[in-house]
Amino acid sequence: MKAPPVPVAMRALVLNAYDGRPESLQVQRRAVPRPTAGQVLVRMAASPINPADLQFVRGQYGIRNSLPAVPGFEGSGTVVASGGLAGQLLVGRRVACVAPVGGDGLWAEYAVVPLQQCIPLRAHITNEQGASLFVNPFTAWVLMERARAGQHVALAQTAAASSVGRMLGALARRRGLPMVHVVRRAEQVELLRGLGAEHVLSSDEPEFQERLRLMCHQLKVTLAFDAVAGRLTGQLLSALPEGGRVTVYGALSEQECRIDPGDVIFGRKTVDGFALSEWARRGFGREQLKALMGVPSLVGRELETPVRARLPLESAGEAVRIASADMTSGKVLFVPEQGAST
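On a predicted model such as this, the values are computed, not experimentally measured, just so you know.

### Comments concerning the overall build of the chain
- Secondary structure summary: the chain contains 11 helices and 15 strands in total.
- Here the chain, with 342 residues, has 51% of them falling under the buried criterion.
- Residue pairs in contact within the chain that sit at least 24 positions apart in sequence constitute 68% of those at least 6 positions apart.
- Here the chain contributes 38 positively and 30 negatively charged side chains, and the mean placements of these two sets differ by 7 Å.

### Digging into the nonpolar core
- Counting residues in hydrophobic clusters, the biggest one holds 53 residues, and the most contacted among them are Leu133, Phe138, Leu168, Leu212 and Phe225.
- Sort the elements by how many residues they give to this core and helix H3 (residues 135-149) lands first, with seven residues.
- Aside from chain neighbours lying at most four places away, what touches phenylalanine 138 is Ile119, Leu133, Leu276, Trp279, Ala291, Leu292 and Val295.
- Listed in part, the 30 residues of the second largest apolar core include Ala81, Leu311, Ala319 and Phe334.

### Comments concerning the layout of surface pockets
- The volume enclosed by the second largest pocket comes to roughly 240 Å³.
- Around the second largest pocket, the lining is made up of 17 residues, and of these Arg166, Ala170, Arg173, Leu195 and Glu302 lie nearest the centre.
- Looking at the lining of the second largest pocket element by element, the count peaks at six residues for helix H4 (residues 163-174).
- Of the residues in the lining of the second largest pocket, the class split is eight nonpolar, four polar and five charged.

### Section: helix H10 (residues 286-298)
- In this model H10 runs 19 Å from its N-terminal to its C-terminal C-alpha over 13 residues, within 8% of the 18 Å that 1.5 Å per residue would give.
- Among the residues of H10, Gln288, Ala291, Gly294, Val295, Pro296 and Leu298 are the ones counted as buried.
- Each element contacted by the buried residues of H10 is listed here: strand S7 (118-120), H3, H4 and helix H9 (276-281).
- Just downstream of H10 lies glycine 300, where phi reads positive at about 85 degrees.

### Things to note about unusual backbone geometry
- The omega torsion of the bond from leucine 67 to proline 68 falls at 0 degrees, within 30 degrees of zero and hence cis.
- Among the structural elements, proline 68 can be located in the loop between helix H1 (51-57) and strand S4 (74-82).
- Positive phi, close to 55 degrees, is recorded for glutamine 151, a residue that is not glycine.
- Within the fold, glutamine 151 resides in the loop between H3 and strand S8 (155-157).
- One non-glycine residue, arginine 268, adopts positive backbone phi at about 55 degrees.
- Topologically, arginine 268 is positioned in the loop between helix H8 (261-265) and strand S13 (270-273).
- Judged by its relative accessible area of 55%, arginine 268 falls in the exposed class.

### Let's talk about the pairing of strand S12 (residues 245-248)
- As defined by bridge partners, strand S11 (residues 223-226) adjoins S12 across four bridges and the pair is classed as parallel. Paired with phenylalanine 225 across the strands is threonine 247, a residue of S12.
- Crossover connection from S11 via helix H7 (residues 231-239) to parallel S12: handedness right-handed.
- With four bridges joining them, S12 and S13 adopt parallel strand pairing.

Procedures and definitions
- Residues numbered from 1 in each chain as written.
- Predicted model: local features only at pLDDT ≥ 70, side-chain atom pairs only at ≥ 80, totals over all residues.
- Heavy atoms only, no water.
- Helix = DSSP H or I, 4+ residues; strand = E, 2+ residues; numbered from the N terminus.
- Buried < 20%, exposed > 50% of the residue type's maximum accessible area, 1.4 Å probe, protein only.
- Contact = heavy atoms within 4.5 Å.
- Lys, Arg positive; Asp, Glu negative; His and termini not counted.
- Charge placed at Lys NZ, Arg CZ, Asp CG, Glu CD.
- Core = buried A, V, L, I, M, F, W, Y, C linked by side-chain atoms within 4.5 Å.
- 1 Å grid on protein atoms, 1.4 Å probe; cavity = no way out; pocket = protein on both sides within 12 Å on 5 of 7 lines; lining within 4 Å.
- Points joined across faces, edges and corners; volume = space filled by probe spheres on them.
- Nonpolar A, V, L, I, M, F, W, Y, C, P; charged D, E, K, R; others polar.
- Expected span 1.5 Å × (residues − 1).
- Pairing = 2+ DSSP bridges.
- Right-handed = clockwise from strand over helix to strand, strands pointing away.

All quantities given are derived from atomic positions and should not be read as evidence of function.
This is the structure we're talking about:
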């Protein structure tokens, strides 16, 4: 079956100001971009709203593109054109993809993506699961690989009911590693226990700090992953035994990390950070190649992303509101084809 011709114009969701206001995201008609050497053109099927996307549109992310700009860090779709011979093999294939650094993102009907930032989707991976193949699964995989390399016998994490948190929990259970899961609400405790998690705590419950400390010491937790920042980073660090480490990979609280200097000075504890974009920017080393081999086989299976809403680009305000209100219930996806006739 012959592929439909690539149109001249497309719809794209364009950010006009880094102020977090819904009206600063507007659907506009734009020329369909043309791929150059080392690039492919993807007809987008789905693109999620991740916490990093929310931070980006508010101007709180570590990267600021020149405005106006199309947001959207990751997504899935079908390659419809290539800018060079190297990409011809991908034409007609479904791929998961990541937006180019400094360029327009994927909240659009079509997007130009660097060839090396595309992964062909395996048959068992749907477009919805493929849309979230990169950010969360790779983050969980790399963090767990570092736990394995450091020979840590037990772990802890915050935001354990989030997409990354559930994936970290699944990988920990797969590898037989005990893990302390910190959430915010009682219903999230029950949710994780239903998924097989054993050691779950709510930060809202009485004596949370003491219970966290007891669990971490009993299990000999020496590494914790923090997606929240703010006060919780310090609480986590204080709960760890001497020599423990907290790796901060997110800032859902939108606050600076607050820690007790005594933990660092006298407890020989450390705090470091992790950003998937920086990890990927290092190129194809051994760690990257191992992840590229391992992650796609688990996506849609052990590493599954819940989806709770699929909305057209025209519903940007509603989509951002839903995604900001409760991330536990699943991802909100932009599905450009839903608004193609409007």
